[in-house]
Amino acid sequence: LTGLADRAGRVGNKMKAAFVKAQKAAEKFRAKLGGLKGAILSLGTAALTKRVIGQAASFAETQVRLKALSAEYGEYGKIQKLVEQNAKTFNQSQAESASNFADVFARLRPLGTSLEDIQTVYKGFNATALASGTSAAAASGAFLQLSQALGSGRLQGDEFRSISEQVPGILRLVSDEMNVTVGELKKLGSEGKITSDILINALAKGFDLNKGKIQQLLDESPAQQFKKFSNATSELSNAVGTELLPVVVPMVKGLTAMLK
């Protein structure tokens, strides 16, 4: 009987030890889950912060670029006002408007094109692109091609093809300016006869012809309402990122020095 009691005691002790071990394992597992949740939240916060700071840094870089480009002309203040005006008129974010304007300014201003003519090109192109239903991505690509054509002095080759495919409304403006049919423009382009002056004069009419259409589009199009929301998000991100940059940049410099 005593031996049976001793054996039962040993079994009880083993069961108790097993329960304690299981309890510790469960607690450890819960701790790991908690740590994993914290890590996931930390990663999410870090990714968000990185994106916000990256966007703000990109916007700041565009501002630096505009300031450098306009330094010899003393037009930075005027450009800032035009960028803000264009963003509002064409439902663009400040970053988008500034970057696009910087591209065309960099190509045309050194050639002697006035700031007023550069603004004419910007407004005429964007009004025609919006009225044509061109997507933001396609319009951005076509605008780059247009700025390259204006910089080279004529519209031809790849630039002509890109614009005719993505913003055909531009060709209608050019054909009216040259008093020819749209079909004749390809040949005239290959001959180098669609010059920068013709393009600027044609685009000058683009905004006036389409401003009624684009206002209606901006007011009624669901896609444009989503774009407004995206722009607002972008502005918030830039504002937050701009506040963080003075703190983060010195830290990055310090870490870079440590790595070196």
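It should be noted that the structure appears before, not after, this text.
A few points on the structure. On a predicted model such as this, the values are computed, not experimentally measured, just so you know. (Residues numbered from 1 in each chain as written. Predicted model: local features only at pLDDT ≥ 70, side-chain atom pairs only at ≥ 80, totals over all residues. Heavy atoms only, no water.)

1. Details of the overall build of the chain
Then, in step 1: Helix and strand counts for the chain stand at 10 helices and zero strands.
Then, in step 2: Across the chain, helices and strands are ordered from the amino to the carboxyl terminus as α-α-α-α-α-α-α-α-α-α.
Then, in step 3: Burial statistics for the chain: of 260 residues in total, 33% are counted as buried.
Then, in step 4: By sequence separation, contacts in the chain at least 24 residues apart represent 67% of the contacts at least 6 residues apart.
Then, in step 5: With an accessible surface of roughly 15,600 Å², the chain has 60% of that area assigned to carbon and sulfur atoms. (Helix = DSSP H or I, 4+ residues; strand = E, 2+ residues; numbered from the N terminus. Buried < 20%, exposed > 50% of the residue type's maximum accessible area, 1.4 Å probe, protein only. Contact = heavy atoms within 4.5 Å. Areas by Shrake-Rupley, 256 points an atom, 1.4 Å probe, with all protein chains shown as cover.)

2. Quick look at unusual backbone geometry
Then, in step 1: A positive phi angle, near 55 degrees, is found at asparagine 91, a position not held by glycine.
Then, in step 2: Tracing the chain through its elements places asparagine 91 in the loop between helix H2 (76-89) and helix H3 (94-108).
Then, in step 3: Located in the positive-phi region is asparagine 179, a residue other than glycine, with phi close to 60 degrees.
Then, in step 4: Positionally, asparagine 179 belongs in the loop between helix H7 (169-178) and helix H8 (185-190).

3. Re the nonpolar core
Then, in step 1: Of all hydrophobic cores here, the largest spans 44 residues; its most connected members are Phe101, Val121, Phe125, Leu146, Val174 and Ile194.
Then, in step 2: At the level of secondary structure, the elements contributing two or more residues to this core comprise H2, H3, helix H4 (115-131), helix H5 (136-152), helix H6 (157-166), H7, H8 and helix H9 (196-220).
Then, in step 3: Look past the residues within four positions of isoleucine 194 in its chain and what remains in contact with it is Gly153, Arg154, Leu155, Phe160, Val174, Met178, Leu185, Leu188, Gly189 and Leu199. (Core = buried A, V, L, I, M, F, W, Y, C linked by side-chain atoms within 4.5 Å.)

4. Overview of the packing of aromatic side chains
Then, in step 1: Scanning the model with the defined rule gives seven aromatic pairs in all.
Then, in step 2: Measuring from centroid to centroid gives 5.5 Å for tyrosine 122 and phenylalanine 143, while their planes differ by 75 degrees, and the two rings are edge-to-face. Taken together, the residues tyrosine 122 in helix H4 and phenylalanine 143 in helix H5 connect sequence positions 21 residues apart.
Then, in step 3: Under the relative-accessibility criterion, phenylalanine 143 is labelled buried at 3%. (Phe/Tyr/Trp six-rings, centres within 6.5 Å; stacked < 30°, edge-to-face > 60°.)

5. Here we look at the pattern of salt bridges
Then, in step 1: Counting across every chain of the model gives seven salt bridges.
Then, in step 2: Taken together, the shared-partner salt bridges connect Lys187, Glu191 and Lys193 into one network. (Salt bridge = Lys/Arg side-chain N within 4 Å of Asp/Glu carboxyl O.)

6. Some remarks on the side chain of serine 196
Then, in step 1: Its location among the elements puts serine 196 in helix H9.
Then, in step 2: A polar side-chain atom of serine 196 sits 3.0 Å from the main-chain carbonyl oxygen of leucine 150.
Then, in step 3: Sequence-distant contacts of serine 196, that is, excluding residues within four places in its chain, are made with Ala149, Leu150, Gly153 and Arg154. (Polar contact = N/O pair within 3.5 Å; in protein donor to acceptor, adjacent residues only side chain to side chain.)

7. Some details on H2
Then, in step 1: Taking 1.5 Å per residue as the helical rise, H2 with its 14 residues ought to reach 20 Å, and the 20 Å between its terminal C-alpha atoms agrees with that figure.
Then, in step 2: Within the span of H2, buried status applies to Ile79, Leu82, Val83, Asn86 and Ala87. Taken down its axis, H2 places every buried residue within 135 degrees of arc, on the same side. Facing away from the buried side of H2, by more than 90 degrees, are the exposed residues Lys78, Lys81, Glu84 and Lys88.
Then, in step 3: A positive phi of about 55 degrees marks asparagine 91, the residue just after H2. (Expected span 1.5 Å × (residues − 1). Arc of directions from axis to C-beta.)

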